[in-house]
Amino acid sequence: MRSPALPHRFLVNGRDVEAIAPPAMRLSDVLRDVLGLKGTKVGCDAGDCGACTVLLDGAQVCACLVPVAQVVGRSVETVEGLAHDGRLHALQSAFLRHGAAQCGICTPGMLMAAADLLRRVPSPSEAEVLDALGGVLCRCTGYRKIVEAVLAAAHGGAAADPAAGSAVGARLVRVDGVAKVTGTDRFGADAFPERAWLTLRAVRSPHAHARFRFGDLDAFRRCHPGLVAILTADDVPGTNRFGIYPTGKDQPVFAEGYVRMLGEAVCALVGDAETVAAIRDEDVPISWEPLPPVSFDDALAGAAPDLHPHAPGNVLCRGRVACGAADSALASAPYRATIAIETGFVEHAYIEPEAGYAERIGDGIEIVACTQTPYMDRDEIALILGIPPERVRIVPTAVGGGFGGKLDLSLQPMIAIAAWRTGKPVRCVYTRPESMRTTTKRHPARLVAEAGCDAEGRLLAFRFHGDFNTGAYASWGPTVASRVPVHAMGPYRVPNVRATTAAIYTTDTPAGAFRGFGVPQAAIAHEALMDALADRVGMDRLEIRLRNALRRGDATATGQVLDHSVGLVACLEALRPRWQALRAEAEAYNRSAHGPFRRGVGIACMWYGIGNTALSNPSEMTLGLKADGTVTLYSGAVDIGQGSNTVMVQIAAEALGVSPQTVRLVAGDTARTLDAGKTSASRQTFVSGNAARLAGLDLRRQLLALTNAGTSARIVPIPGGVEIRDGERTIRPDLSRLAADANGDVLVGFGRFDPPTTALDADGRGVPYATYAFGAQIALVEVDLELGTTRVLRIVAAHDVGRAINPTLVEGQIHGGIAQGIGLALMEEYIPGRNDNLHDYLIPTVGDVPPIEVVLIEDPEPLGPFGAKGVGEPALIATAPAILGAIEQATGVRVTRIPATPDRLRAAILAARS
Amino acid sequence: MTNITVSGLKKGGALGYLRPATVEEAVAALSARRSTVLAGGTDLFPARVGRPCDEALLDISGLAALRGVAETERGWRFGALATWRDVLCAELPPLFDGLKAAARQVGGVQIQNRGTIGGNLCNASPAADGTPNWLALDATVELASANGTRCLPVAEFVRGNRRTARREDELLVAVHVARPAHPARGTFRKLGARRYLVISIIMVAAVAEFAPDGTIASARIAVGAASEVAQRLPSLEARLIGQHPDPSLVREKDLAPLSPIDDVRATAAYRRDAALTLVRRAIADLA
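Residues numbered from 1 in each chain as written. Chains lettered and ligands numbered in written order. Predicted model: local features only at pLDDT ≥ 70, side-chain atom pairs only at ≥ 80, totals over all residues.

(A) Here's a closer look at the overall build of chain B. For chain B, the count of helices and strands is nine helices and 14 strands. Computed over the C-alpha atoms, the radius of gyration of chain B is 20 Å, within 12% of the 19 Å expected from 2.2 N^0.38 for a compact globule of 287 residues. Principal-axis analysis of the C-alpha atoms gives chain B an extent of 65 × 45 × 30 Å. Within chain B, buried positions represent 54% of all 287 residues. Pairs at least 24 apart in sequence give 62% of the contacts found in chain B among residues at least 6 apart. (Helix = DSSP H or I, 4+ residues; strand = E, 2+ residues; numbered from the N terminus. Rg over C-alpha atoms; globule rule 2.2 N^0.38 Å. Buried ≥ 20, exposed ≤ 12 C-beta atoms within 10 Å, placed from the backbone. Contact = placed C-beta atoms within 7 Å.)

(B) Quick look at the packing of helix 15 (residues 519-537) of chain A against helix 22 (residues 879-891) of chain A. Residues and elements named next belong to chain A. Where helix 15 meets helix 22, the axes come as close as 8 Å, and the angle between the chain directions of the two elements is 40°. For the pair helix 15 and helix 22, the sense of crossing is right-handed. Only Ala880, Pro881, Leu884, Gly885 and Glu888 of helix 22 make contact with helix 15, whose side of the interface consists of Pro520, Ala523, Ile524, Glu527, Ala528 and Asp531. (Axes fitted to C-alpha atoms, helices over the stretch in contact; angles between N-to-C directions. Left-handed = near helix turned anticlockwise from the far one by under 90°.)

(C) A look at the pairing of strand 7 (residues 210-214) of chain A. Residue and element names in this part refer to chain A. Where strand 7 and strand 9 (residues 258-259) come together, two bridges link them in antiparallel fashion. Following the sheet pairing, arginine 211 is matched in strand 9 by tyrosine 258. With five bridges joining them, strand 7 and strand 11 (residues 286-290) adopt antiparallel strand pairing. Within strand 11, the position partnered with arginine 211 by the bridge is glutamate 289. (Pairing = 2+ DSSP bridges.)

(D) Up close: the sheet that holds strand 9 of chain A. As summarised here, the arrangement of the three strands in space is 9-7-11 (chain A), forming an open sheet in which the pairing is antiparallel. Of all the strands in the sheet, just strand 9 and strand 11 of chain A have a single pairing partner and so form its edges.

(E) Highlighting the interface of chain A and chain B. Taken residue by residue, the interface counts 54 residues in chain A and 43 residues in chain B. Every element with two or more residues in the side of chain A that touches chain B is listed here: strand 4 (59-62), helix 8 (273-278), helix 13 (432-438) and helix 23 (902-913) of chain A. Across the side of chain A that touches chain B, the residue classes break down as 27 nonpolar, 14 polar and 13 charged. (Nonpolar A, V, L, I, M, F, W, Y, C, P; charged D, E, K, R; others polar.)

(F) Spatial organisation of the pairing of strand 25 (residues 714-718) of chain A. Residues and elements named next belong to chain A. Note that strand 25 and strand 26 (residues 721-726) share five bridges and pair antiparallel. Looking at the pairing, isoleucine 718 lines up with glycine 721 of strand 26. Counting the residues in the hairpin turn of strand 25 and strand 26 gives two residues, including glycine 720, whose phi is positive at 85°.

(G) Quick look at the domain arrangement of chain A. Residues and elements named next belong to chain A. Considered domain by domain, chain A is made up of domain 1 (198-292 + 351-401 + 406-438), domain 2 (445-612 + 762-913) and domain 3 (619-753). For domain 1 versus domain 2, the distance between C-alpha centres works out to 37 Å. On the domain 2 side, the residues contacting the 17 residues of domain 1 number 19 residues. Residues that form the side of domain 1 that touches domain 2 fall into these classes: eight nonpolar, four polar and five charged. (Domains from an automatic or database assignment.)

(H) Molecular detail of the environment of Glu237(B). Residue and element names in this part refer to chain B. As for its position among the elements, glutamate 237 is in helix 8 (residues 234-240). Glutamate 237 gets classed as buried once you count the C-beta atoms within 10 Å, which come to 20. When the C-alpha positions of glutamate 237 and glutamate 252 are compared, they lie 13 Å apart, and in sequence the two are 15 residues distant. The contacts of glutamate 237, once residues within four sequence positions are left out, are Ala219, Arg220, Ile221 and Arg232.

(I) Main features of unusual backbone geometry. Each neighbour pair has its own omega, and for Ile898(A) with Pro899(A) the value is 0°, a cis peptide bond. Despite not being glycine, Arg162(B) shows a phi value in the positive range, around 65°. With respect to the element layout, Arg162(B) can be found in the loop between strand 8 (158-160) and strand 9 (163-164). The phi torsion at Leu197(B) lies on the positive side, around 55°, for a residue other than glycine. Mapping Leu197(B) onto the fold places it in the loop between strand 11 (184-191) and strand 12 (202-210). Taking the number of C-beta atoms within 10 Å as the measure of exposure, Leu197(B) has 27 and is therefore buried.

This is the structure:
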């Protein structure tokens, strides 16, 4: 029985409101859907993430757990109430200055939790800040800058904003920051117009592997007056297949009588929100014939039936890099080490579940949704609808975290088909369990690796094989299979290498893109080997890495000679004093009695090729100048929180020679911006940044040519136009006599960049990437030997980023990557169908990320914009191996089944004792 | 559908949602029809992600009589609506140090501000942080119905995973803890795989009363998340009497009442092993 709507009167941000709603309606839904206050975000509807934190009579609560009936006569405060008279609250300013908001989806909740604290405790300690924020999850920032910001807001001490005019290298406040801290940024579920009230909900398979048949769906629909349509595979106008690669698209929008994974969509209900929510999947007439699931073990054993006709033996694809003679070199190496590593699925756990709406406009379709890759979405939707790509417009909303998980289509095909078929706008928001159950994950890996070195610790040979569970559908499996062999030996000079991979189909959740494309898993193996070889040779673990570190002029295993920007040696040398100090500190701690606690220090190196592997991946951008002097950057690069909106503006401004504050931004809309590729592979700063730089230079060249000014002339925006100052000369060109384009721009600079790479031959020889990022991290941990629990006490991270366009954003990426690395090492493992929520699937909380020291190494990359490379994925890769090495130092035990959960670590400690 | 007049709900009254102002009205409603009781909502809403609350709800948050923590003639009364925050803020003797520690570690502050001790017991999760504490405190629950009230030891109230002895027409009104005969101290140890927002892998609550010579006069040790219902460890409790708190008094066979399982959080073997460690640490805490 559902309760009718009733009026509920209460105060919201000091204002008397009356909300007509059913009494059990969640306060979060009432705020958002009845009162239109979209600043309060919904991440889980279960009190697990804290994104919806508001103050109720001054105390922080999860609005998703409060029935509106209980707030009658009480006071509710939301993020919209923090700023007064257009002036930001001290917390909001501090969040901006400290880079405490990245994607911004958790920011309103964080701000409200912090506001609650500062009212009770005006001058809190760090421990009190941690306790107060412990109930809000953030997946981007690694929390440290949030804690800094709260302490700064409490204790005063405003940092000055960067001087106007400084662009590249400045700690510019993010250009979309105010929207994020005031709750006005529009994420996927915030952007629905009222006309998009029709709601879609997918009906999903309760089996991992099954055949099915529909009963009488028409009769079922007629029994539910609120249902407008039930969509099945028969309703797909074009091709009922999608997938990342142009060939081998293997995933249906709606299954065709056969499902390969738990949660696979078999049909979709379209109707009013209440109707589609009230129907349970098991009510829909579907008869199921379950089949035995195909596990990773089954598929590797070759005993399972083929899941796809194009993949005999369930092998999606293989990858290989070989040079020299690995087998014989290993056989004769004086020192050898081997390791076998197993990792599990890792969930992206962005706090924003997938959301969006689609609308048919004439003979085209428009999709407004969160995505990392608008142009690939456009082309895929075109195939699914059977229309040319020009008739598909993708308008990305703000993205509440992506990390690779929003590179694949999720709800877009379903809402597109629904809008196409019904002629009406259709919305969809995934629930947290639906998001976790059906979207891609990090690939589980089974890795076997062996390395050999000489008596001085010089690597002689490396052999590696990795099997990756790609789940039911290909997604980015081929990318993992091709990227891993290039990186498998680590950032070291190795003359003899054989690295092979295979991506294997199973009936598990599809594994796709997740920050690092398999390289983080491989790094766990190669860094364990470096530790083992160091111990065998009797060398220090940092020094053996330094001895083997790639240097300028070295060739990689693919035969690529690295001519520039190889900053690993600088990273290791920067870390050396901290390494020695922390080791001494840990040893001193262990010598004195501390009951069951032991400390250890680990170190790990990483490298990462920027951009797609041996594939063209161009970006194009334009920079327009209006007659009134307005400069607009049209950037198709989607900012998923990492800060590309800000970085692109800084780069374009620097190239044009103006201050970044004068550049307006139009971001990521396939109708208004050019294709800047996808936000993945750490490519936006390097590739799209170059396009932005070239667009800036082009506009500068045109403007200077127009005024016959010299190349060193200054461009100065003035009210109503621009001024060119060329030595003694000042010229004010009359821009109004130039013809304006559809955007109103009279001059448009264009930039295009495609990183130079070559295809790889059968042995993986060639130039897979134009440049590489390098880094090394140290982890200090404390292990409770009796319980197997690990606390990370400190991380020191040195990263060669070429050039830090915005150091605050770079540090933010590094902090966030480290937090995800901590999760990968210690707690995160998704088990299909078993932990589809954020209380059973654990990600680090504010109390799990220790103080982080960041050292930025800037070994400039001549190809990069102002020397910059990328840092998004590199930040994560070294963390887990450093932690696992530290655990080994503390306990004597090398954990090979990742994550090193308390039960696994304790079992390993006990096994080592017996 | 029975017609019930409930104050606070006038015309347009939602029959699916009642929010009575008195216990009498609440128990009348419960005896009239099957309802799900709603207090802080911290268990109810998470169990209904993506689907509407389509059952009859009895919102007891308006029952003033169920609020607060108070010292009584015979001990202490914790109203069923007392939140974890209320427990933390209450002036309580060291007997309740364990309960307070649990209150500090339930969910995040948002959950501590909303979650109630009554809801925690009635939801009867094997990982409920309150239950081992109430067992160690030898607490009793007070249940009210239209036919009167009855009291039950917590050990008899919590019957299994999501099962309690509460009849559908009964309302949990309060939890009572008797004043101990001797000075007493409590402790609580909770183990999870991260710092905040932890669902226990294992937890131990312990309370000891001390004789004037500092030896243990009586002790109650309870382990949670290691069986369907948190279990006391009678053999250990007996052995502790007359001794000073000493972790070496704990023997592996004291854990015989536990029956841990494998789940996403840990293996059964680990739970048994960790329980032993945590019991020892809890005993050490009492020293």
